[in-house]
Amino acid sequence: MTEFGQQFTLLSEQISQPFELRQYQQRIINELYNQIRKGTKRILVYAPTGSGKTAIACRVMLQALTKGLRILFLIHRDPLVEQTRASLIRDGIAAELIGILKAGYKEERASPIQIASIQTLARRKFPQGIELIIADECHTVCWYDT
């Protein structure tokens, strides 16, 4: 287990049990992992407003943290950064694990989860060691392979 995985394990003792997913949310996560096992690297999860996409993303991030992965959560509008942080904390991710890359915030680049405003990230150095990228409203993201 990596340093981040150990850090999460220690912090997880201080937080409440993760919330229970609805059946359709768990099916989405199961299919997501099936696609990853098949080698798919870019996966779109589409669901209606209010269906719990942030909850799904949170569960995926919780599981990724236990494997020691570093995560980038991209937000398309600055006001949603703090709202997303609050949702992740509410859904079981300790605040100490979350860094924010946005104007007006102190950067905590060592945190295993980075929430980044797309506008800010476009002007700053990309965080190192990111192994999982989750884009909220992915149709707003323009991505170029390098």
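Owing to the predicted nature of the structure, the values given are computational and were not obtained by experimental measurement.

Parameters at a glance
Residues numbered from 1 in each chain as written. Predicted model: local features only at pLDDT ≥ 70, side-chain atom pairs only at ≥ 80, totals over all residues. Heavy atoms only, no water. Salt bridge = Lys/Arg side-chain N within 4 Å of Asp/Glu carboxyl O. Buried < 20%, exposed > 50% of the residue type's maximum accessible area, 1.4 Å probe, protein only. Helix = DSSP H or I, 4+ residues; strand = E, 2+ residues; numbered from the N terminus. Expected span 1.5 Å × (residues − 1). Arc of directions from axis to C-beta. Contact = heavy atoms within 4.5 Å. Pairing = 2+ DSSP bridges. Axes fitted to C-alpha atoms, helices over the stretch in contact; angles between N-to-C directions.

1. Quick word on the pattern of salt bridges
Okay, so step 1: Per the counting criterion, the structure on display carries five salt bridges.
Okay, so step 2: Here Arg90 and Asp91 are joined by a salt bridge, their closest N and O atoms 3.3 Å apart.
Okay, so step 3: A salt bridge links Arg109 to Glu107, with the shortest nitrogen-to-oxygen separation between them at 2.6 Å.
Okay, so step 4: Classification of Glu107 as partly exposed rests on a relative accessible area of 31%.

2. Quick look at helix 4 (residues 79-90)
Okay, so step 1: Between its terminal C-alpha atoms helix 4 stretches 18 Å, which fits the 16 Å expected from 12 residues at 1.5 Å a residue.
Okay, so step 2: Looking at helix 4, one finds that the buried residues are Leu80, Val81, Thr84, Ser87 and Leu88. Take helix 4 and look down its axis: the buried residues cluster within an arc of 130°, on one side only. For helix 4, exposure combined with an orientation more than 90 degrees from the buried face picks out Pro79 and Arg90.
Okay, so step 3: Residues of helix 4 that are buried make contact with helix 3 (53-66), strand 1 (70-75), strand 2 (98-101) and strand 3 (113-117).
Okay, so step 4: Following helix 4 by one or two positions, Gly92 adopts a phi angle in the positive range, close to 115°.

3. Notes on the environment of Leu69
Okay, so step 1: By the secondary structure assignment, Leu69 is in the loop between helix 3 and strand 1.
Okay, so step 2: Leaving out residues up to four positions away in the same chain, Leu69 has contacts with Ala64, Pro112 and Glu131.

4. With respect to the sheet that holds strand 2
Okay, so step 1: The four strands lie next to each other as 2-3-1-4, forming an open sheet whose pairing is parallel. Where the open sheet ends on each side, the last strands, each with one partner, are strand 2 and strand 4 (130-135). When strand polarity is set aside, the average angle formed by the axes of neighbouring strands in this sheet is 25°.
Okay, so step 2: In this sheet, strand 4 lies alongside strand 1 in parallel orientation, the contact comprising five bridges. Across the sheet, residue Leu74 finds its bridge partner in strand 4, namely Ala135.
Okay, so step 3: Sitting on the sheet, helix 3 is in contact with strand 1, strand 3 and strand 4, with an inclination near 160° to strand 1.
Okay, so step 4: Packing of helix 4 onto the sheet brings it into contact with strand 1, strand 2 and strand 3, and relative to strand 2 it is tilted by some 175°.

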